[in-house]
Amino acid sequence: MAGVTGAAVLPGAEPFEFEGGSVGVLLVHGFTGSPGSMRPWGEYLSAVGLTVSCPLLPGHGTRWQDMVPTTWPDWYATAEAAFLRLRTTCEQVFVMGLSMGGTLALRLAEQHGGDLAGLVTVNPSLTTDRWHAAFAPLLSRVIPAVPGVAGDVKAEGVPEVGYDRVPLRPFASLRQLWAVTRPELGRIVCPVLTYRSVVDHVVEASSGAILLAGLRAPAEERLLENSYHVATLDNDRETIFDGSLEFVRRHAPRALVPDAPCGDD
């Protein structure tokens, strides 16, 4: 989706799909981000024969003004539609998300129960420790956007395709997504693997604590010592990619999934 103004999608922000076998993976990008932050992960999983889909969430990937009229149900509906499409062609579907994409993945698991084979989240957001965040609905009436959070990458020379501004009305809606997702974490029945960056300038450790406390399903948290928030592009990205593939192999025993991607270096 190019956005409500019809603005062109930024280079590198395009959605992508890779056809593969009977195991599917839905990748979901983060707030103000784009599929560009997920493409290396998607290419890695596709190289072993998995079917991969990563949609562009409404209002993202063009200009920040296109986000202003969008809300979390819009983003969720796009992720859900992509998930349902994968379910029609794949025997098993895993959902993997970064930041808000991880939150949407959790919400999908709450709503679709056993239809998910497993979840992998990277720095999912469920709250914020920033006290002024509560004023976003009020401030959005006079201030449309504030400086952005994209590009929190420790590795030098690795850009993220995303917005340099955070629109406050959509951020207020993101807080509503947190509010509906947190109380229902106990409904998730599929296994969960979550990664958390030890140093994250966007999502605080409190989100990770809420996630682990709320889950009843089998869950494991792995710490990333050498990456910031956008860990899927950062120094620990191979750790995430390898771990997610091992997670798929463990929970998709019927699938023929090689030990390592072809041509991986």
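Residues numbered from 1 in each chain as written. Predicted model: local features only at pLDDT ≥ 70, side-chain atom pairs only at ≥ 80, totals over all residues. Heavy atoms only, no water.

Trainee: Talk me through the overall build of the protein chain; I want residue IDs and the actual numbers.
Mentor: Within the protein chain, the secondary structure is distributed over seven helices and nine strands. Taken across its 265 residues, the protein chain has 54% of its residues classed as buried. Taking contacts inside the protein chain between residues at least 6 apart in sequence as the whole, the part at least 24 apart equals 77%. Accessible area of the protein chain: about 11100 Å², with a carbon and sulfur share of 53%. (Helix = DSSP H or I, 4+ residues; strand = E, 2+ residues; numbered from the N terminus. Buried < 20%, exposed > 50% of the residue type's maximum accessible area, 1.4 Å probe, protein only. Contact = heavy atoms within 4.5 Å. Areas by Shrake-Rupley, 256 points an atom, 1.4 Å probe, with all protein chains shown as cover.)

Trainee: Let's hear about the pattern of salt bridges: which residues, and what values?
Mentor: One pass over the full model with this rule turns up nine salt bridges. Two residues, R63 and D66, come together in a salt bridge whose shortest N-O distance is 3.8 Å. You can call R63 partly exposed: its relative accessible area is 39%. Here E246 ties to R222 by a salt bridge, and the two come within 4.0 Å at their closest N and O atoms. Separated by 24 residues along the polypeptide, E246 in helix α7 (residues 237-251) and R222 in strand β9 (residues 219-224) bring together distant segments of the chain. (Salt bridge = Lys/Arg side-chain N within 4 Å of Asp/Glu carboxyl O.)

Trainee: Could you give an account of the pairing of strand β3 (residues 51-54), with specific residues and numbers?
Mentor: What you see with β3 is no split at all: T51 and S53 on one side and V52 and C54 on the other are buried throughout. As paired elements, strand β1 (residues 16-18) and β3 share three bridges and run antiparallel to each other. Across the sheet, the residue bridging to F16 is C54, located in β3. Relative to β3, strand β2 (residues 23-28) runs parallel, the two being bridged by three bridges. (Pairing = 2+ DSSP bridges.)

Trainee: So what's going on with the pairing of β2? Which residues, and what values?
Mentor: Most of β2 sits out of view: six of its six residues are buried. Alternating positions in β2 separate into two faces, V23, V25 and L27 on one and G24, L26 and V28 on the other, with burial throughout. Relative to strand β4 (residues 92-98), β2 runs parallel, the two sharing six bridges. Each residue of the ladder has a partner; that of V23, found in β4, is Q92.

Trainee: Explain the nonpolar core to me, and be specific about the residues and the numbers.
Mentor: Core analysis: the largest hydrophobic core is formed by 39 residues, its most contacted members being W75, V95, L119 and I188. Residue assignment for this core shows that the elements contributing at least two residues are β2, α2 (72-89), β4, α3 (100-112) and α5 (168-181). Broken down by element, this core gets its largest block of residues, seven residues, from α2. Non-local contacts of W75, meaning those with residues more than four positions away in its chain, are made with F31, L57, P58, H60, M67, T70, M100, L104, P170, S173 and L174. Counting residues in hydrophobic clusters, the runner-up holds 32 residues, among them L193, Y195, V248 and A252. (Core = buried A, V, L, I, M, F, W, Y, C linked by side-chain atoms within 4.5 Å.)

Trainee: Hey, could you go over the sheet that holds β1 for me, with residue numbers and the actual values?
Mentor: With mixed pairing, the seven strands of this open sheet are ordered in space as β1-β3-β2-β4-β5-β8-β9. Pairing within the sheet leaves two strands with one partner each, and these edge strands are β1 and β9. Neighbour-to-neighbour, the strand axes of this sheet turn through a mean angle of 15°, independent of strand direction. Helix-sheet contacts for helix α1 (residues 39-46) involve β1, β2, β3, β4 and β5 (118-122), and the interaxial angle to β1 is about 10°. (Axes fitted to C-alpha atoms, helices over the stretch in contact; angles between N-to-C directions.)

Trainee: Run through the packing of α2 against α5, naming residues and quoting values.
Mentor: Angle between the axes and distance between the axes are the two parameters that describe a pair of packed helices. Contact geometry of α2 with α5 gives a least axis separation of 8 Å together with a crossing angle of 65°. For the element pair α2 / α5, the angle class is roughly perpendicular. Contacts from W72, P73 and W75 of α2 reach α5 at P170, S173, L174, Q176, L177 and V180. Its residues assigned to classes, the contact of α2 with α5 shows seven nonpolar, two polar and no charged. (Parallel < 35°, antiparallel > 145°, perpendicular 65-115°, else oblique. Nonpolar A, V, L, I, M, F, W, Y, C, P; charged D, E, K, R; others polar.)

Trainee: Break down α3 for me, with residues and values.
Mentor: In a regular helix each residue adds 1.5 Å, so 13 residues correspond to 18 Å; α3 covers 18 Å between its end C-alpha atoms and thus fits that length. Of all 13 residues that make up α3, twelve are buried, and the element is covered over most of its length. Looking at α3, one finds that the buried residues are M100, G101, G102, T103, L104, A105, L106, R107, L108, A109, E110 and H112. As for α3, its buried residues are in contact with β2, α2, β4, β5, α5 and α6 (205-214). (Expected span 1.5 Å × (residues − 1).)

Trainee: If you had to explain unusual backbone geometry to someone new, which residues and values would you point to?
Mentor: Positive phi, close to 55°, is recorded for S99, a residue that is not glycine. Relative to the helices and strands, S99 is located in the loop between β4 and α3. Even without being a glycine, N123 presents a positive backbone phi close to 50°. Summarising the element assignment, N123 is placed in the loop between β5 and α4 (136-139).

Interpretation in functional terms is not warranted from these geometric data alone.
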